[in-house]
Amino acid sequence: PVRGKRMEEMQDMLGLLPFPERTPLKVRITGTLDRGDYRVEKLVFESLPKIYVTANLYLPARQEGPLPAVVYVCGHAYSPFGSKAKYQRHGISLAKNGYVAIILDPIQIAETFALHHGVASQEMYEWYSRGYTPAGPEVWNAMRAIDYLETRPEVDPTRIGMTGRSGGAAMTWFTACVDPRVKVAIPVMGISTYAANVREDTQRHHCDCMFTINSYRHGMLHQGALIAPRPLLMVHGAKDQLFPVAGYEEFEQKIGDLYESYGHRDYFKNIVVDTGHQDSDFLREEAIRWFDTYLKDSPGRELDMVYEDEPALNLAVFPDGPPEDAQNFRLHETFIPTPAFQTFASEVEWEKHRQELIELLRSKVFGAFPLAQDLPEIHRGPDTEGYFEEITFESEPGVQIRALLHEPAEGEGRLPALLYVASDGEDLHSIQQMFHQVRHPDNVIRLVVYPRGIDEIGWNRAFWKGTQRNAMHVGQTVDSLRLWDVLQSAEVLRSFERTDPDRVTVLGIGVSGILGLYAAILDDGIHPVMLIKPPFSHVEGPLFLNSLRYLDLPEAAALVAPRPLIFYGRLPAAFEPVRDVYNQLGQPQRPYISMDIEAVVQGRYDHNFSSGR
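Criteria and cut-off values
Residues numbered from 1 in each chain as written. Predicted model: local features only at pLDDT ≥ 70, side-chain atom pairs only at ≥ 80, totals over all residues. Heavy atoms only, no water. Core = buried A, V, L, I, M, F, W, Y, C linked by side-chain atoms within 4.5 Å. Buried < 20%, exposed > 50% of the residue type's maximum accessible area, 1.4 Å probe, protein only. Helix = DSSP H or I, 4+ residues; strand = E, 2+ residues; numbered from the N terminus. Contact = heavy atoms within 4.5 Å. Pairing = 2+ DSSP bridges. Right-handed = clockwise from strand over helix to strand, strands pointing away. Expected span 1.5 Å × (residues − 1). Polar contact = N/O pair within 3.5 Å; in protein donor to acceptor, adjacent residues only side chain to side chain. Axes fitted to C-alpha atoms, helices over the stretch in contact; angles between N-to-C directions. Phe/Tyr/Trp six-rings, centres within 6.5 Å; stacked < 30°, edge-to-face > 60°. 1 Å grid on protein atoms, 1.4 Å probe; cavity = no way out; pocket = protein on both sides within 12 Å on 5 of 7 lines; lining within 4 Å. Points joined across faces, edges and corners; volume = space filled by probe spheres on them. Nonpolar A, V, L, I, M, F, W, Y, C, P; charged D, E, K, R; others polar. Salt bridge = Lys/Arg side-chain N within 4 Å of Asp/Glu carboxyl O.

Asker: How would you sum up the nonpolar core? Please name residues and give values.
Answerer: Core analysis: the largest hydrophobic core is formed by 77 residues, its most contacted members being Ile102, Leu104 and Phe174. With nine residues, the single largest contributor to this core is helix 5 (residues 135-149). With near-sequence residues (within four places) excluded, Leu104 lies in contact with Phe45, Val53, Thr54, Ala55, Val71, Tyr72, Val73, Cys74, Asn141, Ala142 and Ala145. Trp484, Ile521, Tyr550 and Leu571 belong to the second-largest nonpolar core, a separate cluster that totals 59 residues.

See the structure below:
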């Protein structure tokens, strides 16, 4: 049961739960090279409709009966005709030694282009909200390649192995985790532990394809356990900065012990060479010897490792250019679609849908939140220009959050409260201007919170980006960490003796306002919610892992219904469907439009009054 659960989680984190439909491969062989003791077929298949995978299939010239086959997945070696041209030595060596081998182009370095580096270098941070990693289509392409190999009469479908270096190591790793047809796996220079990676900040060296969207907080040890007890050979370079030594040494010890518990310690091995992140003739031979042991049952035989590279153009599947209808370049948008905002026939159906969505958010988007948290200890500081008092508290151990508190000097009984979520660059003067609408008497408690990394001068871009990528390893994003800070701020605000806990308004500008919205989604005690200039989609932010797999911002806004929702100044067109939900719930006047924050906090949403200014 645990293995099945972990495998399902791995599929999910690759964007492959459920697996896509196995549509027709539409295989085409566009040319063949005969090189005497082996031949090469230049082929293309569609792993999904209009998603073209270019590959070279290496076949021994002579064979008796079906042969074992190897899927070779390439690293980031550039050729204008695909990475397969740079790794052809592996296909040649495998074919000359009695294997059928298919070398797949990765989606970015292929004959038709798709992205690998959206987060790493192309400012496409919404990949995290989409739950998208290029490892997903890479693994699917490898699985469809296995589908194809199973149709070839030259191949014994019960003896299929997989290997690759660097990015190819990661794809070997991930594919073997979710596809038991991979009987032997050899990831070369691509495995460590996520804990070691975060400690060494190796994300700065890596492409996005090296990672799942780690919303279930797996370690590579979990992934290794999914491969065990199938034969697993790992290779590392002692001078490789991409994969820390401490990480792969811990992996070797613990996974080695696991194989021992299966009674097959010999099925697992880690080779460490005294090099950096590079391939070698020695490693190419060691890989074939491992396949010989576990796919051919012929260890120790003499191998033919001589090869001569083919000119890259000769290996091109589309020497005159790929098909014009190729949709590979849109994979990051289409691989995991966002559901449409749904309407329902009854209030009961909407409420059921709402509860299901909130549970998905809690488990699949914010599952890394602490299970419980004591009320933070509050440290009070000096008054700031006689209006705000600075306070600090820990939203989680070691994370100090700064906030500005205003409590009216006079007033009886419990008072309404306003939680304002600050944005980068908002200084004391700008915030005071925001609250300048206050009419006398002053009878509202105000708390301005600066979530982590937000201040008058916030985190610089490089630090934010590095933190974003490392946070993903532990099932978070910078924005989900900030959301937790907002939730804890609401607890702090309600803890004050004079706060009416049933009248806590949350407000913010832009993305900060959406942090307030999600705080209200997760905390029924927060209402009303007020949004100023909100983004229209999670594509613009905030970035939460997987959020776009379940809903976008308009539907998120509807989840607070029937509680009051207020848009400052205007209701953006993207949020018009929210009105339908409120109508169905018997609140046709909501969401409201207001230009008076003070009135909203006091529970007035009409415009039939004087502002007092």
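Asker: Pulling in residues and values, what's your account of the pairing of strand 17 (residues 565-568)?
Answerer: Regular strands show a simple pattern: their side chains alternate between the two faces of the sheet. Pairing analysis gives three bridges linking strand 16 (residues 529-532) to strand 17, with the strands arranged parallel. The residue of strand 17 that forms the bridge with Leu531 is Phe567. Bridge count between strand 17 and strand 18 (residues 592-594): three bridges; the pairing is parallel. Within the sheet, the bridge partner assigned to Tyr568 lies in strand 18 and is Ser594. Traced from strand 17 through helix 18 (residues 577-584) to strand 18, the parallel crossover comes out right-handed.

Asker: Give a detailed account of the environment of Met220, specifying residues and quantitative values.
Answerer: Considering the arrangement of structural elements, one finds Met220 in helix 8 (residues 220-227). For Met220, a relative accessible area of 4% gives the class buried. Met220 has contacts with Trp173, Gly190, Ile191, Ser192, Thr193, Tyr194, Asn197 and Phe251, leaving out every residue within four places of it along the chain.

Asker: Explain helix 1 (residues 2-13) to me, using residue names and the numbers behind them.
Answerer: Under the 1.5 Å per step criterion, the end-to-end length of helix 1 is 16 Å for twelve residues, consistent within 8% with the ideal 16 Å. Three or more residues of helix 1 are buried, namely Glu9, Met10, Gln11, Asp12 and Met13. Directly after helix 1, the chain includes Gly15, whose backbone phi takes a positive value near 75 degrees.

Asker: Describe helix 14 (residues 461-473), naming the residues involved and giving the relevant values.
Answerer: With 13 residues, helix 14 extends 19 Å from end C-alpha to end C-alpha; this agrees with the ideal 18 Å at 1.5 Å per step. Counting buried residues in helix 14 gives ten out of 13 residues, a clear majority hidden from the surface. Capping the start of helix 14, Asn460 holds a side-chain oxygen 3.2 Å from the backbone nitrogen of Ala462, two or three residues further along. Just beyond helix 14, the residue with positive phi is Gly475, at close to 75 degrees.

Asker: Explain the side chain of Asp208 to me, using residue names and the numbers behind them.
Answerer: In this fold, Asp208 is placed in the loop between helix 7 (194-200) and helix 8. Relative accessible area serves as the criterion here: at 6%, Asp208 is assigned to the buried category.

Asker: Just give me the short version of the sheet that holds strand 6 (residues 155-165), but keep the residues and values in it.
Answerer: Within the open sheet, the nine strands sit side by side as 1-2-3-5-4-6-7-8-9. Their pairing is mixed. The open sheet has two edge strands with one neighbour each: strand 1 (28-34) and strand 9 (268-273). Looking at each pair of strands side by side, their axes are set apart by 20 degrees on average, direction ignored.

Asker: Got a sec to walk through the packing of aromatic side chains? Specific residues and values, please.
Answerer: Tallied over the full model, the rule gives 21 aromatic pairs. Their ring planes at 70 degrees and their centres at 4.9 Å tell us that Tyr518 and Phe544 sit as a pair that is edge-to-face. In this pair, Tyr518 sits in helix 16 (residues 511-522) while Phe544 sits in the loop between strand 16 and helix 17 (553-558), placing the two residues 26 residues apart along the sequence. Where Tyr592 meets Tyr605, the ring centres are 4.4 Å apart and the plane angle is 15 degrees; that geometry is what we call stacked. Of this pair, Tyr592 sits in strand 18 while Tyr605 sits in the segment after helix 19 (597-601), placing them 13 residues apart in sequence.

Asker: So, empty space enclosed by the protein: which residues are in play, and what are the values?
Answerer: By the definition in use, this model includes five cavities of 30 Å³ or more. Looking at the lining of the largest cavity, the elements with two or more residues in it are helix 2 (88-96), strand 6 and helix 10 (281-296). When residues in the lining of the largest cavity are grouped by element, the largest group, five residues, is from helix 10. Quantified by volume, the second largest cavity comes out at close to 90 Å³. Lining the second largest cavity are Val73, Cys74, Gly75, His76, Leu104, Asp105, Pro106, His116, Glu138, Gly167, Met171 and Cys209. Taken together, the residues of the lining of the second largest cavity sort by class into six nonpolar, four polar and two charged.

Asker: Break down the pattern of salt bridges for me, with residues and values.
Answerer: Pairing of side chains with opposite charge becomes possible as their charged atoms draw close. Counted according to the given criterion, the structure contains 45 salt bridges. For Arg563, the salt bridge identified is with Asp524, shortest N-O distance 3.6 Å. Here the residue Arg563 occupies a position in the loop between helix 17 and strand 17, and Asp524 occupies one in the loop between helix 16 and strand 16, the gap between them amounting to 39 residues. Each of the salt bridges in this network shares a partner with another, and the network as a whole consists of Arg22, Arg144, Asp147, Glu150, Asp179 and Arg181.

Asker: Outline the side chain of Asn270, listing residues and values.
Answerer: Among the structural elements, Asn270 can be located in strand 9. Here Asn270 falls in the buried class, since its relative accessible area comes to 11%. In terms of polar contacts, Asn270 uses its side chain to reach the side chain of Glu252, at 3.3 Å.

Asker: So what about unusual backbone geometry? Which residues, and what values?
Answerer: Note that the residue after Leu17, namely Pro18, is joined by a cis bond; omega there is -5 degrees. Locating Pro18 in the fold gives a position in the loop between helix 1 and strand 1. Omega for the bond connecting Gly541 with Pro542 falls within 30 degrees of zero, at -5 degrees, which places this linkage in the cis form. The residue Pro542 is located in the loop between strand 16 and helix 17 in this model. In this structure, Lys26 takes a positive phi of about 50 degrees despite not being glycine.

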